[in-house]
Structure formats: structure tokens, C-alpha cells
Amino acid sequence: MGVMRSLTLAGAALAAMAPVWAHHSGAMFDAQKTVTLQGTVRTFEWANPHCWVQLLVMKDGTAQEWSVEMGATTELYRSGWRPHTLQAGDSVTIVVHPLRDGSPGAQFLSAFGADGMPLGKARTRTSS
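Model, not experiment: these values are computed from the prediction. Numbering of residues begins from 1 in every chain and follows the order in which that chain's sequence is written. Note on the predicted model: pLDDT of at least 70 is required for a residue's local features to be given, and 80 or more for side-chain atom pairs to be given and counted; whole-chain, interface and lining totals, by contrast, use all residues. In computing side-chain properties, one takes all heavy atoms of the structure into account and sets aside hydrogens as well as water.

Look at any regular strand and the pattern is simple: side chains alternate between the two faces of the sheet. As paired strands, strand S2 (residues 52-59) and strand S3 (residues 62-69) are joined by eight bridges and run antiparallel to one another. Residue pairing for S3: Met58 is matched across the bridge by Ala63. In this analysis, strands are considered paired if DSSP registers two or more bridges between them. For the purposes of this entry, the term helix denotes a DSSP run of H or I that reaches at least four residues, the term strand denotes a run of E that reaches at least two, and both are numbered from the N terminus. Linking S2 to S3, which pair antiparallel, is a turn of two residues; within it Asp60 sits at a positive phi near 55°.

See below:
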């Protein structure tokens with residue numbers, strides 16, 4: 001009876017973890033392209049399942065809003081990010097994989113402040 005109970009408990013634990021494994025695909029992002037965006041933070045959303053940066057990027061004299069998908073709060077926290085790392089109005093440079101369809105959205109790779117210093121635990125500086 002002990003073995004059966006252990007198997008039942010193990011099965012229940014695995015079933016409870018199933019939502020953790022469920023995740024949407026990153027296929028909408030073009031991992032073969034890397035784009036560097038320079039702009040002003042409109043909002044930084046520290047939330048699960050993903051954090052987001054809404055970035056205003058000037059294009060032909062008009063501000064274009066980019067939605068940049070980041071990782072989960074726990075992932076970002078381990079990488080040195082905090083809920084206050086970015087504030088509305090901050091000037092930043094963000095390196096991303098853009099959406100395949102060309103719309104202004106992307107997957108986050110790294111970020112640098114206005115001083116060129118990395119945000120989080122990135123180790124390289126942007127070139128001026």
C-alpha cells in the first residue's frame with residue numbers, strides 16, 4: 001500500500017506542475033534578427049507571466065510604440081532587475097529579436113541605460 005500511495009502522490013505532484021511547463025511559443029519572434037531600439041520608456045510592467053516594456057521609438061519624426069516582451073519576474077530578478085529598474089521617461093537602448101511580421105513588437109535580449117551601462121547583469125557596454 002505504501003508504494004501505491006507514493007506513486008499517487010508523485011502523480012499528483014507532476015499534474016500540479018503541468019501549468020509550469022505550459023508556455024506559448026516564441027515562434028512569432030525572428031531569432032535570426034537582432035534589432036537595437038533607442039527610445040523612451042512609456043511603461044515598465046513588472047508582472048507575471050511576463051514583464052513588458054512599452055518603448056517609444058522615434059521613426060521619421062513620429063513616436064512609434066514598441067511592445068517588448070521580457071521574462072517572468074523571478075527570471076528577471078535573478079538577472080539583477082527590480083520593479084523600479086525602468087521608470088516612465090527613462091531613455092534606454094534595448095536589444096531585441098523583432099516580430100516576424102514587422103509590427104513593432106519584440107522579445108527582450110538586453111538593455112542599457114542612457115549612460116551606456118547595462119541594466120541587469122549584462123556585461124557589455126553599448127558603443128557610442
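Time to look at the sheet that holds strand S4 (residues 91-98). The five strands lie next to each other as S1-S2-S3-S5-S4, forming a closed barrel whose pairing is mixed. Taking each pair of neighbouring strands and ignoring which way they run, the sheet shows an average axis angle of 55°. Orientation is described by lines fitted to C-alpha atoms, with helices fitted over the stretch in contact, and by angles between N-to-C directions that extend from 0 to 180 degrees.

As a further point, take the pattern of salt bridges. If charged atoms from side chains of opposite charge come close, those side chains can pair. Any Lys or Arg side-chain nitrogen located within 4 Å of an Asp or Glu carboxyl oxygen qualifies as a salt bridge. All told, the structure shown has one salt bridge when counted by the stated rule. Here Arg42 makes a salt bridge to Glu65, at a shortest N to O gap of 2.9 Å. Highlighted residues: Arg42 in strand S1 (residues 35-45) and Glu65 in strand S3, separated in sequence by 23 residues. Only protein chains enter the accessibility calculation, which uses a 1.4 Å probe; a residue is then buried when its area is under 20% of its type maximum, exposed when over 50%, and partly exposed in between. The partly exposed category is assigned to Arg42, whose relative accessible area is 38%.

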